[in-house]
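Chain by chain, the residues:
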Amino acid sequence: MNILLVGSGGREHALAWKIAQSPLLTRLVCAPGNPGMAVLGEVRPVAATDVAGLVALAREIAADLVVIGPETAVEAGLADALAEAAIPCFGPTAAAGRLESSKAFTKAFCDRHHLPTAGYGVFEAATPAKAFLDRFQPPYVIKADGLAAGKGVVIAESRDAAEAAIDDMLGGAFGAAGARVVIEEFLTGEIASQFALCDGETVMLFGGGQDHKRAFDGDQGPNTGGMGVYAPAPVLTPAAVENARTRLIEPAMAAIAAEGAPYRGVLFTEMMIDHDDPSLVEFNARFGDPECQVLMLRLESDLVPYLMAVATGGLAAMAQPVWRDEAAICVVLAADGYPAAPKTGTVIKGAEAEFGEGVVVFHAGTKRGVDGALLAAGGRVLNVCARGRDFAEARARAYAAIAAIDWPEGFHRTDIGWRALGR
Ligand code: AMP
Ligand code: GLY
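For clarity, every value in this text was computed on a predicted model and none was experimentally measured. (Residues numbered from 1 in each chain as written. Chains lettered and ligands numbered in written order. Predicted model: local features only at pLDDT ≥ 70, side-chain atom pairs only at ≥ 80, totals over all residues. Heavy atoms only, no water.)

A. Quick peek at the packing of aromatic side chains. As enumerated under the stated definition, the model contains 12 aromatic pairs in all. Look at F195 and F268: their rings are 4.8 Å apart centre to centre, the planes differ by 40°, and that puts the pair in the tilted class. Here F195, found in strand β10 (residues 190-199), pairs with F268, found in strand β15 (residues 264-274); they are 73 residues apart in sequence, far enough to count as distant. With respect to burial, F195 and F268 carry one shared label: buried. (Phe/Tyr/Trp six-rings, centres within 6.5 Å; stacked < 30°, edge-to-face > 60°. Helix = DSSP H or I, 4+ residues; strand = E, 2+ residues; numbered from the N terminus. Buried < 20%, exposed > 50% of the residue type's maximum accessible area, 1.4 Å probe, protein only.)

B. Examining helix α12 (residues 391-403) more closely. Between its first and last C-alpha, α12 extends 18 Å over 13 residues, near the 18 Å set by a 1.5 Å rise per residue. Inspection of α12 places F391, E393, A394, R395, A398, Y399, A401 and I402 among the buried residues, and these make up the whole buried set. On its buried face, α12 sits against β14 (228-231), β17 (327-335), β19 (359-363), β22 (380-388) and α13 (418-421). (Expected span 1.5 Å × (residues − 1). Contact = heavy atoms within 4.5 Å.)

C. Inspection of the layout of surface pockets at higher detail. Of the pockets and cavities examined, the second largest pocket occupies roughly 370 Å³. H13, A353, E354, V360 and V361 are the residues nearest the centre of the second largest pocket, which is lined by 16 residues in total. Elements supplying a minimum of two residues to the lining of the second largest pocket: α1 (10-19) and β19. With five residues, β19 is the single largest residue contributor to the lining of the second largest pocket. Taken together, the residues that form the lining of the second largest pocket break down as 11 nonpolar, three polar and two charged. (1 Å grid on protein atoms, 1.4 Å probe; cavity = no way out; pocket = protein on both sides within 12 Å on 5 of 7 lines; lining within 4 Å. Points joined across faces, edges and corners; volume = space filled by probe spheres on them. Nonpolar A, V, L, I, M, F, W, Y, C, P; charged D, E, K, R; others polar.)

D. Local environment of the nonpolar core. Counting 78 residues, the largest nonpolar core has L4, L78, L99, I256, Y263, I329 and I348 as its most contacted members. The biggest single contributor to this core is helix α9 (residues 238-258), with nine residues. Once residues within four sequence positions are removed from consideration, I348 is found in contact with L374, L375, A376, V381, L382, I405, D406 and W407. Of all hydrophobic cores here, the second largest spans 41 residues; its members include A231, Y306, V360 and C385. (Core = buried A, V, L, I, M, F, W, Y, C linked by side-chain atoms within 4.5 Å.)

E. Quick look at the packing of helix α6 (residues 103-113) against α9. The geometry of α6 relative to α9 is characterised by a closest axis approach of 11 Å and an angle of 100° between their N-to-C directions. Between α6 and α9, the interaxial angle falls into the category roughly perpendicular. Counted together, F105, F109 and H113 of α6 and A252, A255 and I256 of α9 form the full contact between these two elements. Class assignment of the residues belonging to the contact of α6 with α9 gives a composition of five nonpolar, one polar and no charged. (Axes fitted to C-alpha atoms, helices over the stretch in contact; angles between N-to-C directions. Parallel < 35°, antiparallel > 145°, perpendicular 65-115°, else oblique.)

What follows is the structure, given as structure tokens:
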């Protein structure tokens, strides 16, 4: 099979790593890819949002399947254009992808279909938004409506901070994504993410994990796209997963199809879980980043038949995926200044070495310098991932690899997986 994989982050490097192990693969082309993916397949400089360019590339390589990594390509309508070109695609249409690309759409969708989620209001002007805060106690939850790379959520400890966040977002801090703000009830419990494949009809659970959103140790600092993740997450008990499947995931997939936008891709359900009771925090129309990295490390089955089944409507005939009976973690190495103003262009040494048993380093935001050196080219730069018999072993392996990487201008959290270690 010829596969075109769209994206350039750690999530896509992990997908490329797993796809490259498939005996079904003939040719892997990544667009735009990154230096890590260049080792596994060909990279072509077509942007993830260049829909016409990607359709042309898929035709040129006679792609049997296009795999969409990032939400920006979903929102741009890549799946719609590929459907018109009759090229199988893993990833939802722009209409189905509104489950991620508009929080206001998703909240109203939850209301229409009685899916459990936090109470909320949607506002385009600051005065009514601020007045709505009267209904809640601190902490206040303020969200930009549109896509903001995981950074469009503010949990404000005071009324002043909440009002400042409203002014910021409506004032253009997130561009068009902040033209509307969503104000939500604060949920208590523990956050976890469940993944599910859907081919428009059949739903199949596909692993889960727990992310660390805050930039610094002890869950301090600003929200980020994710500083690390581990799986399996103890809070995703069999009862919690079953409740998520029957109350959130299956009803959402049936409802979006009934509304005329069948969902073909992976649905990422982020929920607050309180005593096995899940409440939706958000849906995402793609794999999580860095959740995908640990899923790929733990997945024993060949990924390609699942991707193809999603694209072509064959999921009902597939066996359940097999997961390694091991723990996995991913620690993100980010550039100093992330998430506000990451410092790019700095030199990273030692990241392309062999790190031994169970350790894989994915590239999330790197580029190759003219002299061949590896340079930081984004906020989240490397994903150091490791498997182990238990969390202690996986963590020890990941942090040993990090110690061997020479990058003074980067930082990472030292406490990834603390919740699992404590249990
Ligand atoms: P999101 O970008 O929607 O995943 O939100 C980022 C983080 O903010 C989540 O991982 C939660 O930790 C937190 N969060 C979002 N919504 C709520 C809520 N309604 N109640 C409590 N915490 C929330
Ligand atoms: N790690 C969270 C996300 O991908 O949105």
